[in-house]
Amino acid sequence: MKSKTEKNITENKCLRRRNLKERILKKLKSFFFGEYRIRRIVIKSDVIKTIMEFAKHNHPKEFVAFLGGKMRNDSLEIDKLLYQRFYSSSDSAYFRIEIPINEKFFGTVHNHPNNSNTPSSEDSFLFGKYGLIHLIISYPYSQEDIAGYDFKGHRIYFEIKDKKIKSKNKENI
Ligand SMILES: [Zn+2]
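Residues numbered from 1 in each chain as written. Predicted model: local features only at pLDDT ≥ 70, side-chain atom pairs only at ≥ 80, totals over all residues.

Caption draft 1: Highlighting the pairing of strand E1 (residues 40-43). Residues Ile41 and Ile43 line the buried face of E1, whereas the alternating positions Arg40 and Val42 sit on a face that is not buried. Note that E1 and strand E8 (residues 158-160) share two bridges and pair parallel. Bridging across to E8, Ile43 finds its partner in Ile160. (Buried ≥ 20, exposed ≤ 12 C-beta atoms within 10 Å, placed from the backbone. Helix = DSSP H or I, 4+ residues; strand = E, 2+ residues; numbered from the N terminus. Pairing = 2+ DSSP bridges.)

Structure follows, in structure tokens:
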């Protein structure tokens, strides 16, 4: 049995490790959404086109891809999709998520085979864990069926080329 002091040391170590992880995550998030706020999110139109095609191709199954891009001053530009190996089903595409470690990724995109682009409870978990911005495209997978969310699941808006689009939320219509 561990002495009280040993137990306290182990507990303190765990606590410190957890605090460090939280601090790093907080710093990263404040970098993007705090002092150095992203003012614009621009998604290349061919990325949008690929998302629409990929969703149609995979329907009624779900797919997940990562959003690759770069920061240009205070704009985040999403210019490519980073694919990963995954096993998808019509229920969920989240088995075996593999983060592309060699690429800079800023978030995720996945499809909903039904006609709601509102995040599910699993999505909220995914959003908090993998990146900062997230897209959901719902059936029938047109440009207007794409909705953007931040890591907390709050709605965010993005631009495609020079055109500002406000994607509709079907649940609220
Ligand atoms: Zn989802």
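That was the structure; now back to the text.
Caption draft 2: Representation of helix H2 (residues 45-58) within the structure. The end-to-end C-alpha separation of H2 is 20 Å, in line with the 20 Å expected for 14 residues at 1.5 Å each. Every buried residue belonging to H2 is among Val47, Ile48, Ile51 and Ala55, and all of these are buried. The arc that holds every buried residue of H2, seen down its axis, measures 100°, which confines them to one face. Exposed residues on H2 whose side chains face more than 90 degrees from its buried face are Asp46, Lys49, Glu53 and His57. Taken together, the buried residues of H2 touch E1, strand E3 (75-82), strand E4 (105-112), strand E5 (133-138), strand E6 (146-150) and E8. (Expected span 1.5 Å × (residues − 1). Arc of directions from axis to C-beta. Contact = placed C-beta atoms within 7 Å.)

Caption draft 3: Looking closely at unusual backbone geometry. In this structure, Pro60 follows His59 across a cis peptide bond, with omega equal to 5°. Backbone geometry places Tyr141, a non-glycine residue, at a positive phi of 65°. With 22 C-beta atoms counted inside 10 Å, the residue Tyr141 sits in the buried group.

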